[in-house]
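Here are the chains, one letter per residue:
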Amino acid sequence: MDQLRILVAEDEPLVAYDICESVESAGYAVSGPFSDISSAMLSFQKDRPDCAILDVTLYDGAVYPLAEKLIAENVPVIFHSGNVSSDEVKRRFPHSCALSKPCPPAKIIDSVQNVLAES
């Protein structure tokens with residue numbers, strides 16, 4: 001069986017490294033990390049991920065257009081932000097998961113497992 005693929009879009013290098021390392025250690029394949037929406041969108045169009053972890057604000061703007069496309073394709077999205085509250089994200093995307101930075105790696109992996117189990 002192929003590994004499930006998690007797309008990671010995060011513009012803070014240290015945070016991106018930590019997320020990718022945690023995801024790989026949990027047995028998933030990683031697409032990314034991508035620091036901008038356009039790169040993440042291109043990756044998504046080439047190879048549909050099983051789940052996405054998205055920082056709300058990337059170098060080229062808010063990640064919402066990418067999130068909308070992922071959700072339309074039934075890809076579960078986990079928002080991960082230090083600038084936008086979880087409540088604000090949940091108002092816009094009520095069926096998504098929203099985590100606030102800093103977030104322990106174990107909580108990120110638990111969230112990945114939960115959204116994958118629900119999809």
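The structure we're discussing is the one just above.
The structure displayed is predicted, hence computed values, not measured ones. (Residues numbered from 1 in each chain as written. Predicted model: local features only at pLDDT ≥ 70, side-chain atom pairs only at ≥ 80, totals over all residues. Heavy atoms only, no water.)

**Student:** What is the right way to look at the overall build of the protein chain in this model?
**Tutor:** Helix and strand counts for the protein chain stand at five helices and seven strands. For the protein chain, the sequential pattern of α-helices and β-strands runs β-α-β-α-β-β-β-α-β-α-β-α. Expected size for 119 residues packed as a compact globule is a radius of gyration near 14 Å; at 13 Å, the protein chain falls within 12% of this value. Reported as C-alpha extents along the three principal axes, the dimensions of the protein chain are approximately 35 × 30 × 30 Å. Every one of the 119 residues in the protein chain was classed for burial, and the buried ones make up 47%. In the protein chain, the share of contacts with a sequence separation of at least 24, taken over all contacts with a separation of at least 6, comes to 62%. When the accessible surface of the protein chain is split by element, carbon and sulfur atoms take 50% of a total near 6300 Å². Taken as two groups, the 9 positive and 18 negative side-chain charges of the protein chain have centres that lie 6 Å from each other. (Helix = DSSP H or I, 4+ residues; strand = E, 2+ residues; numbered from the N terminus. Rg over C-alpha atoms; globule rule 2.2 N^0.38 Å. Buried < 20%, exposed > 50% of the residue type's maximum accessible area, 1.4 Å probe, protein only. Contact = heavy atoms within 4.5 Å. Areas by Shrake-Rupley, 256 points an atom, 1.4 Å probe, with all protein chains shown as cover. Lys, Arg positive; Asp, Glu negative; His and termini not counted. Charge placed at Lys NZ, Arg CZ, Asp CG, Glu CD.)

**Student:** Would you mind showing me how to read the packing of helix H2 (residues 37–46) against helix H3 (residues 64–72) here?
**Tutor:** Two quantities define a packed helix pair, namely the angle between the helix axes and the distance between the axes. Contact pair H2 / H3: the axes reach a minimum separation of 10 Å and the direction vectors enclose 15°. The orientation of H2 relative to H3 falls into the category roughly parallel. Read as a crossing pair, H2 and H3 show a hand that is left-handed. Note on element contacts: H3 touches H2 through Pro 65, Leu 66, Lys 69 and Leu 70, opposite Ile 37, Ala 40, Met 41 and Phe 44. Its residues placed into classes, the contact of H2 with H3 shows seven nonpolar, no polar and one charged. (Axes fitted to C-alpha atoms, helices over the stretch in contact; angles between N-to-C directions. Parallel < 35°, antiparallel > 145°, perpendicular 65-115°, else oblique. Left-handed = near helix turned anticlockwise from the far one by under 90°. Nonpolar A, V, L, I, M, F, W, Y, C, P; charged D, E, K, R; others polar.)

**Student:** In this structure, what is going on with the pairing of strand E3 (residues 51–55)? I would like to understand it.
**Tutor:** Two faces belong to every sheet, and in a regular strand the side chains alternate between them. Of all the five residues making up E3, five are buried; the element is thus mostly covered by neighbouring parts of the structure. In E3, alternate side chains face the same way, and those of Cys 51, Ile 53 and Asp 55 on one face and Ala 52 and Leu 54 on the other are all buried. Pairing of E3 with strand E6 (residues 77–81) involves four bridges; the strand directions are parallel. Across the sheet, Ala 52 pairs through a bridge with Val 77, a residue of E6. (Pairing = 2+ DSSP bridges.)

**Student:** Is there a simple way to explain the pairing of strand E7 (residues 97–100) in this structure?
**Tutor:** Taking every second residue as pointing to the same face, the buried face of E7 carries Cys 97 and Leu 99, while none of Ala 98 and Ser 100 on the other face is buried. Examined bridge by bridge, E6 and E7 share four bridges and lie parallel to one another. Paired with Phe 79 across the bridge in E7 is Ala 98. Remark: the E6/helix H4 (residues 86–92)/E7 crossover connection has right-handed handedness. (Right-handed = clockwise from strand over helix to strand, strands pointing away.)

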